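# Working through the structure, step by step
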Amino acid sequence: MVIKSVNLEIVCGVTSKLPATELCEVAFAGKSNVGKSSLINALMNRKSYARTSAQPGKTQTINFYNINEEIYFVDLPGYGYAKASKTEVAKWGQMIERYLKTSRQLKCVFLLVDIRHEPGNNDRLMYDWVVANGFTPVIIATKLDKINRSQTARQIKTIREGLGCGDAKIIPFSATTKQGREEIYEIIDKILEDTV
Ligand code: GTP
Ligand code: MG
């Protein structure tokens, strides 16, 4: 995939109506702070076009990045943000659920988990939710640069067992070294080929 243009085209708040888009979409879901916006920046070849933060809860809207006038990368708000109130969490759930259920153009959901940690309840819920809506999530194990190479296989196994995702694809990825990026581009390229 060659990035020719990127444009944050639609920002969707909790109460806003979800857009009826024409281009196909791939979405990025995962716990707050796991690296969704950083991954999107790495894919877009931009340093900080998608806003990132060491403080969890940075992205609180559904952001649609138009890539090459060809496809949207959809940055979803993160879950498990400790400071969020119960009402906020409930709204978040409704917003994500509505998006997963109603988007006609959504072709693939990438579920991000931190390669260093065992998946939590929220990760499992999200995984099940994505599956229940008819998608086969592609798991991305983020922050690969934070572990030793010798630990990778074991951490992948922990994630696989923790999510109960069988032989689903798990791609180790680092936004720092860009390791794993080509594999993600290949998946997106395939989606584009299939929708032509
Ligand atoms: P929310 O918007 O709060 O849901 O978070 P997010 O999932 O979009 O995370 P974001 O991309 O903002 O990254 C959170 C923090 O982790 C930032 O400080 C990033 O610099 C850092 N980070 C993200 N990916 C990586 C990575 O691959 N390696 C390292 N070392 N740090 C990363
Ligand atoms: Mg974010």
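Let me sum up the structure you'll find in this document. All values reported here derive from a predicted model rather than from experimental measurement.

## As for the site of ligand 1
In the vicinity of ligand 1 there are 22 residues, among which Lys 36, Ser 38, Gly 57, Asp 145 and Ala 175 approach most closely. Taking Ser 38, its side chain carries an N or O atom lying 2.6 Å from an oxygen atom of ligand 1. Gly 78 has a polar backbone atom sitting 3.4 Å from an oxygen atom of ligand 1. Its free accessible area being 650 Å², ligand 1 has 86% of it covered by the protein chains. Looking at the shell around ligand 1 residue by residue, the classes come out as four nonpolar, 12 polar and six charged.

## A few points about the pairing of strand β6 (residues 138-142)
The buried fraction of β6 amounts to five of the five residues, a majority that puts the element mostly inside the structure. Of the two faces of β6, both are covered, the one formed by Val 138, Ile 140 and Thr 142 as well as the one formed by Ile 139 and Ala 141. Bridging between strand β5 (residues 106-114) and β6 involves five bridges; their strand directions are parallel. Paired with Leu 111 across the strands is Ile 139, a residue of β6. The pairing of β6 with strand β7 (residues 170-172) spans three bridges and is parallel. Note that in β7 the partner of Ile 139 across the bridge is Ile 170. Note on the crossover from β6 through helix α4 (residues 152-163) to β7: the handedness is right-handed.

What counts and how
Residues numbered from 1 in each chain as written. Chains lettered and ligands numbered in written order. Predicted model: local features only at pLDDT ≥ 70, side-chain atom pairs only at ≥ 80, totals over all residues. Heavy atoms only, no water. Near = heavy atom within 4 Å. Polar contact = N/O pair within 3.5 Å; in protein donor to acceptor, adjacent residues only side chain to side chain. Areas by Shrake-Rupley, 256 points an atom, 1.4 Å probe, with all protein chains shown as cover. Nonpolar A, V, L, I, M, F, W, Y, C, P; charged D, E, K, R; others polar. Buried < 20%, exposed > 50% of the residue type's maximum accessible area, 1.4 Å probe, protein only. Helix = DSSP H or I, 4+ residues; strand = E, 2+ residues; numbered from the N terminus. Pairing = 2+ DSSP bridges. Right-handed = clockwise from strand over helix to strand, strands pointing away.

These values are about where atoms sit, not about what they do.
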